[in-house]
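Fold and geometry: a report
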Amino acid sequence: MYINTGKTIRLGRILNPRTNRAAVVAFDHGVHLGVIPGNNHPGETLERLADAGADAFLVGSGTARQFASIFTGRGAPGLILRADWTNRWRDEGSLGFTEGRGRMIASVDDAVRLGADAVLAYMFIGYENPDDEARQVESVAGLVQACEAAGMGCIIEPMPRGMHVGEDVYNARYIALGARMACELGADILKTDYSGSADTFRDVIDVSFRPVLIAGGPKTSSIRDALAMVRGALDAGASGMFIGRNVFQAPDPARMMRVMRAIIHEDLTVDAALALFESLGD
């Protein structure tokens, strides 16, 4: 059996080796959007969420360098490096674009120098121009190959988002299409949209032969909705979460982090998680 020792060690700092689960915080929004609510003071937020039990963080190169102490020492959270940049998430008032485009901005060598456990890149499908989609896949495939050569964990974030998709971005069939493509390209872990229910998300899990962690998407309207999203994904067979705004934009980010971690690693129900959330506020 082929074993890439570097990948095994690095991925074991993200996913619990016994359960294959992880509670990861996406904190790379500044790379694409600049300052948004909750990321004004990155060092303080990262430290608070690390103390609350985050298994790993997704960050940009600058944050990884500036706040290396967060990722240093026994029991420190894993470091996942955002390898690409996109202008797709900015709205018109922030000089955004309808479909947007992205480029790789960090290499696997950069990740090695920074002490990262994995790199992550988007794989958008559904562009109006099919050649744009093909170039995106080519770029991601190159990243996978570089990770394999270096023993670096590789996380792909397939997302149906182009003009060809329209507004149906949470369609489980489209999410499953991207997820299977990412597995076939060689991803070690997937970060995907959640389709909205455990029943439909099972279609994504069924076609994926790598661990799937759900993205949080836009901030939910209530704490229960955020907790139910994580619980539903786990019920469908997901390995955990890769959530940002629903944690660091919560009224009490550390409390939210502790509760989401408990859902993932202690298998709490939504009601039990809400009860824990309330008790932590006492």
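Please refer to the structure placed before this passage.
Residues numbered from 1 in each chain as written. Predicted model: local features only at pLDDT ≥ 70, side-chain atom pairs only at ≥ 80, totals over all residues. Heavy atoms only, no water.

1. A look at the environment of Asn 171
Here Asn 171 is to be found in the loop between β7 (153–160) and α7 (172–185). A residue is classified by how much of its surface remains accessible, and Asn 171, at 18% relative accessible area, is buried. Through-space distance from the C-alpha of Asn 171 to that of Val 230 is 18 Å; in sequence the pair is 59 residues apart. Here Asp 168 takes part through its side chain, which lies 2.8 Å from a polar atom of the side chain of Asn 171. At 2.8 Å, the side chain of Asn 171 forms a polar contact with the backbone nitrogen of Arg 173. (Helix = DSSP H or I, 4+ residues; strand = E, 2+ residues; numbered from the N terminus. Buried < 20%, exposed > 50% of the residue type's maximum accessible area, 1.4 Å probe, protein only. Polar contact = N/O pair within 3.5 Å; in protein donor to acceptor, adjacent residues only side chain to side chain.)

2. Thoughts on the packing of α7 against helix α8 (residues 198–207)
For the pair α7 and α8, the least separation of the axes is 8 Å and the interaxial angle reads 15°. Relative to α8, the element α7 lies roughly parallel. Here α7 and α8 pass one another in a crossing that is right-handed. Judged by residue contacts, Ala 172, Ile 175, Ala 176, Ala 179 and Arg 180 of α7 engage Thr 200, Asp 203, Val 204 and Val 207 from α8. A breakdown of the residues in the contact of α7 with α8 according to their chemical character gives six nonpolar, one polar and two charged. (Axes fitted to C-alpha atoms, helices over the stretch in contact; angles between N-to-C directions. Parallel < 35°, antiparallel > 145°, perpendicular 65-115°, else oblique. Left-handed = near helix turned anticlockwise from the far one by under 90°. Contact = heavy atoms within 4.5 Å. Nonpolar A, V, L, I, M, F, W, Y, C, P; charged D, E, K, R; others polar.)

3. A few points about the nonpolar core
Residues Phe 57, Phe 201, Leu 227, Met 241, Met 257 and Met 260 are the most contacted members of the largest nonpolar core, which totals 70 residues. For this core, the element with the highest residue contribution is helix α11 (residues 253–266), accounting for eight residues. When near neighbours in sequence (up to four residues on either side) are disregarded, Met 257 contacts Ala 23, Val 25, Leu 49, Ala 52, Gly 53, Ala 54, Met 241 and Val 247. Ala 56, Leu 58, Ile 80 and Ile 155 belong to the second largest nonpolar core, which has 15 residues in total. (Core = buried A, V, L, I, M, F, W, Y, C linked by side-chain atoms within 4.5 Å.)

4. Let's talk about α7
Compared with an ideal rise of 1.5 Å per residue, which puts 14 residues at 20 Å, α7 spans 20 Å between its outermost C-alpha atoms and is within 8% of the ideal. Those residues of α7 lying buried are Ala 172, Ile 175, Ala 176, Gly 178, Ala 179, Ala 182 and Cys 183. One side of α7 carries all its buried residues, which in axial view fall inside an arc of 165°. Pointing more than 90 degrees away from the buried face of α7 are the exposed residues Arg 173 and Glu 184. Check the buried side of α7 and you find it contacts β6 (118–125), β7, β8 (189–192) and α8. (Expected span 1.5 Å × (residues − 1). Arc of directions from axis to C-beta.)

5. As for the pairing of strand β3 (residues 78–82)
Burial of β3 is extensive: five of the five residues sit out of reach of the surface. Side-chain alternation along β3 places Gly 78, Ile 80 and Arg 82 on one buried face and Leu 79 and Leu 81 on a second face that is also buried. Both strand β2 (residues 56–59) and β3 contribute to a ladder of four bridges, which runs parallel. Within β3, the residue paired with Leu 58 across the bridge is Ile 80. Note on the crossover from β2 through helix α4 (residues 61–66) to β3: the handedness is right-handed. Judged from the three bridges that link them, β3 and β6 form a sheet pairing that is parallel. In the strand pairing of β6, Leu 81 is matched with Val 119. (Pairing = 2+ DSSP bridges. Right-handed = clockwise from strand over helix to strand, strands pointing away.)

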